[in-house]
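Here are the chains, one letter per residue:
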Amino acid sequence: MTTYTDEHLEHYADRFVAMRLDLHGITLEQYLAAPQRYEHLAHEPFPLLPAQRAVAERVYAQELAEEAERQTADLPRRNGAVVEPLHHHRHPKRGPSANFTRRAKA
């Protein structure tokens, strides 16, 4: 545990409160250990509140859904669902390639 002089503690504690570093999740002990590390946070915006974060996540999810819809807008649909046409080949009805029975070699 580090011991600080009264002047040092009052000066940096006042700066800590003035810069509102507690809203960034910094404790006074962390700030006193390395004040220069956290000085730049005074100019950063505060982190989002939980309700604001929930709204931001919903907006982001909506934007992702709209982007996916834009990407699939030109694909063929059946009952609203995107269908991909199958490109398979049938086996011929007659001919040697249609004979699936195996013959024993004599």
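Before reading on, note that the structure itself is shown above.
About the thresholds
Residues numbered from 1 in each chain as written. Predicted model: local features only at pLDDT ≥ 70, side-chain atom pairs only at ≥ 80, totals over all residues. Heavy atoms only, no water. Helix = DSSP H or I, 4+ residues; strand = E, 2+ residues; numbered from the N terminus. Buried < 20%, exposed > 50% of the residue type's maximum accessible area, 1.4 Å probe, protein only. Contact = heavy atoms within 4.5 Å. Areas by Shrake-Rupley, 256 points an atom, 1.4 Å probe, with all protein chains shown as cover. Salt bridge = Lys/Arg side-chain N within 4 Å of Asp/Glu carboxyl O.

Caption draft 1: Inspection of the overall build of the protein chain at higher detail. Of the regular secondary structure elements, the protein chain holds four helices and two strands. Counting helices and strands in the order they occur from the N terminus, the protein chain gives α-α-α-α-β-β. Residues classed as buried in the protein chain amount to 11% of the 106 residues present. The long-range share in the protein chain, meaning contacts at least 24 apart out of those at least 6 apart in sequence, stands at 11%. Working note: accessible area of the protein chain is about 9,800 Å², and carbon and sulfur atoms make up 55% of it.

Caption draft 2: Main features of the pattern of salt bridges. A complete count under the given rule lists three salt bridges for this structure. Across the pair E39 and R15 runs a salt bridge whose closest N-O atoms are separated by 2.3 Å. Taken together, the residues span a long stretch of sequence, with E39 in the loop between α3 (35-38) and α4 (50-71) and R15 in helix α1 (residues 6-19) at a distance of 24 residues. A salt bridge links E69 to R77; the nearest nitrogen and oxygen atoms lie 3.1 Å apart. A relative accessible area of 36% places R77 in the partly exposed class.

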